[in-house]
Every structure is written in structure tokens, then in C-alpha cells.
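Observations on the three-dimensional arrangement
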Amino acid sequence: MGSRSEISMHGSKKKILIEGDSWFSIPDVANIPIQLDSELDLSILCLANPGDTLEELTEGSQFIKLASLIKDNRFGQKWDALILSAGGNDVIGPKMRRLLKKPARPDSTNPAEYINQKVLDKVFRKMKERLNTLRKLRDKSKINKNTPILIHTYCYLTPRNMAHKIFVWNVAGPWVLPQLESMHIFDCGLQRSIVAALLDRFFDLLHGIEVEADSNFHVVDTRTALPPIECSERDTSFYHWGDEIHPSSKGFSQITKRFFIPRMADLKII
């Protein structure tokens, strides 16, 4: 992957600008940009950082940097695609508890009864505004107004007490399980259903933008890309999943080869 100063020297290679969160930047795992770099002959500039939210991508210094790379060729250039990993921290990250509520029936097994629909609607309206901020940035660009934007969903997952570790040290997480347990939601199957319902609503948000006329905004639907860990194995399984919410290198490889690369080929990006 190239640095900002190197990327313009990569000749006829397809040029990909990547921005987003830890699915594109977790440091000790072969994440998706690393997988794309190993599978395809691309010039990739990756600006992603773990923990980044849509708010951070569309405001302040990060947005200024992104704008400078997209708007014109004084600091940026013509990109063949802008690929985003964004929204996970807004939906199943540190702020997830605000999306939850106690059900009217304490023994309810309906995930919808545990989701605060009014808060969720408000959060998603703001997320849509921020995604449209990125679209408008692209649309107003002199050189990138026809550049496709790709964004992925996240995978259905099993909440579990698995932080991300570097060597033997926990460095972040778990993200989902503590939020659910703080609301006295302890049943693993119900926890999985609540997370799936939130991720389905996130897909609906993205797909709603995708189907707008001339959006040139494309969803890589990765919800079913990896099998969720069985509840009976949530303390022991690490084949596809490295921690609670991040795939392992094998998992990222499967997502890249079976979902990202075919979608990019369909759009003639590669």
C-alpha cells in the first residue's frame, strides 16, 4: 500500500482510497486493505484508524484530509474507488447501550422489544446525513464526481467476552457483550438476535442510499460472510473470528475473496 506521496507514482494501477475503522486498520491482523493489496495489483492509500466513527470521518481534521484527496488534483487525484468501513462503532460499538431498552415483558424473546426504536431512528437519520456528506464531497469534486463509493456491512456475530489482544495483553473490547449484560440481557441466543436486528437495520440504511437515483453508492453486504460462533463455543473458537467483533486473518481473507473482489469486479473497478 502506498503513502500519500507515493501513490501518484503508481502509473496505470487502479487507485483506491480507503477510509474507515478497525475492519480496515486493525494492526496485527491481515485486514481487508492488506488482503486486497495481496490479491490485486492496486495502488491503495488507507487512512483508516481503529475506533473511528462516522462523526469523525465527516467532521474536523479527518474530513479536511479526505476532502483534500478527493475534491481536486491540487492535493488529490482521480481515484478508481473510494471504499469505506464506517458505522460499526455507531451501531455495535461503545454507544450501543443507547439503542437498547428494557422490554415490556421481562421474558420476551423478541429482539425488537429490546431495541429503542425512537433512539435508533434518530441515530440512523444522523448517520444517513453523514454518509450523504461524503457523497456530496464526491459529487462536487472536479475529478472524482464519477468515482464509485463502496461501503460494507458487518458480519452477524456472537457477543462474547473476547477482547482484542496483542500478545497476551487486552488492548480493546469486548464491545457488545458488556452493553447487553448491562441491560440484563444474558441469553446468548437473544443477544445474537438483537445484534442481527441492529445490523439488518444498518443494511437497510445503506441499501436505501444505494437505490437512490444516480447514487453511485454500492453496498458490499457482508452480513452472512462468516458463520457466527455457536453459543456453546463462544469462549473457544478463533478460526474465523479473532475477537468479539473482528474477523481473524482467515476471516478477512474469506470476506475479501468472496465479497469484496467480486463486487469490485462487477463494478469494473478491477
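Before any of the text, the structure's been laid out above.
A few points on the structure. What you see is a predicted model; the values in this text were computed from it and never measured. (Residues numbered from 1 in each chain as written. Predicted model: local features only at pLDDT ≥ 70, side-chain atom pairs only at ≥ 80, totals over all residues. Heavy atoms only, no water.)

So, the overall build of the chain
Using the following cut-off: Helix and strand definitions follow DSSP, with helices as H or I runs of at least four residues and strands as E runs of at least two, each counted in order from the N terminus. Our radius of gyration is a C-alpha quantity, and the globule rule it is checked against amounts to 2.2 Å times the number of residues to the power 0.38. A 1.4 Å probe rolled over the protein chains alone gives each residue an accessible area, and that area as a share of the maximum for its type sets the label: buried under 20%, exposed over 50%, partly exposed in between. Whether two residues are in contact is decided by their heavy atoms: any pair within 4.5 Å suffices. For accessible areas, the Shrake-Rupley method is used with a probe of radius 1.4 Å. Any residue's cover is judged against the shown protein chains and nothing else. Only four residue types enter the charge count: Lys and Arg as positive, Asp and Glu as negative, with His and the chain ends excluded. For the purpose of locating charges, the reference atoms are NZ of Lys, CZ of Arg, CG of Asp and CD of Glu.
Check the secondary structure of the chain and you find 8 helices and 7 strands. Compactness check: the chain gives a C-alpha radius of gyration of 19 Å against a globular reference of 18 Å for 270 residues, within 12% of the reference. Referenced to the eigenvectors of the C-alpha coordinate spread, the extents of the chain come out at roughly 60 × 40 × 35 Å. Burial status across the chain gives 52% buried among its 270 residues. Counted over contacts in the chain with a minimum sequence separation of 6, partners at least 24 positions apart contribute 76%. Accessible surface, the chain: about 12500 Å² in total, of which carbon and sulfur atoms supply 51%. Each charge class in the chain was averaged separately, 37 positive and 33 negative side chains, and the resulting centres sit 5 Å apart.

Details of the pattern of salt bridges
Keep this limit in mind: Between Lys or Arg on one side and Asp or Glu on the other, a salt bridge is scored when a side-chain nitrogen of the former is within 4 Å of a carboxyl oxygen of the latter.
Inspection of the entire model under this criterion finds 12 salt bridges. The closest approach of N and O atoms between lysine 257 and glutamate 39, which form a salt bridge, is 3.7 Å. Here the residue lysine 257 occupies a position in helix H8 (residues 249-266), and glutamate 39 occupies one in helix H1 (residues 32-39), the gap between them amounting to 218 residues. Sharing partners across several salt bridges, the network here consists of Lys128, Arg135 and Glu212.

Side note on helix H5 (residues 117-139)
Our working rule: Between the first and last residue of a helix there are one fewer steps than residues, each counted as 1.5 Å, and that sum is the expected span.
Taking 1.5 Å per residue, 23 residues should reach 33 Å; H5 reaches 32 Å between its end C-alpha atoms and fits that length. Considered for burial, the residues of H5 that qualify are Leu120, Val123, Phe124, Met127, Arg130, Leu131, Asn132, Leu134, Arg135, Leu137 and Arg138.

Some details on the packing of H5 against helix H7 (residues 188-210)
Defined as follows: For helices, the axis comes from a line fit to the C-alpha atoms of the stretch in contact; other axes are also lines fit to C-alpha atoms, and the angle between any two N-to-C directions lies between 0 and 180 degrees. Here a crossing is called left-handed whenever its near helix is offset anticlockwise from the far helix by less than a right angle, and right-handed whenever the offset is clockwise. Amino acids outside the nonpolar list (Ala, Val, Leu, Ile, Met, Phe, Trp, Tyr, Cys, Pro) and the charged list (Asp, Glu, Lys, Arg) are all regarded as polar, and Gly is one of them.
At their nearest, the axes of H5 and H7 sit 11 Å apart, and the two run at 40° to each other. By crossing handedness, the relation of H5 to H7 is classed as right-handed. Residues Gln117, Leu120, Asp121, Phe124, Met127, Lys128, Leu131, Asn132 and Arg135 of H5 touch H7, and the partners they reach there are Leu198, Arg201, Phe202, Leu205, Leu206 and Ile209. Partitioned by chemical class, the residues of the contact of H5 with H7 number 9 nonpolar, 2 polar and 4 charged.

Here we look at the side chain of threonine 58
Heads up, the rule is: Polar contact is the term for a pair of N or O atoms within 3.5 Å; when the atoms are in protein, one must be able to donate a hydrogen and the other to accept it, and sequence-neighboring residues count only if both atoms are side-chain atoms.
Examined against the element boundaries, threonine 58 turns out to sit in the loop between helix H2 (54-57) and helix H3 (60-70). Here the side chain of threonine 58 touches leucine 54 through a polar contact of 2.8 Å, landing on its backbone oxygen. Sequence-distant contacts of threonine 58, defined by excluding residues within four places in its chain, comprise Phe63, Arg130, Thr133 and Leu134.

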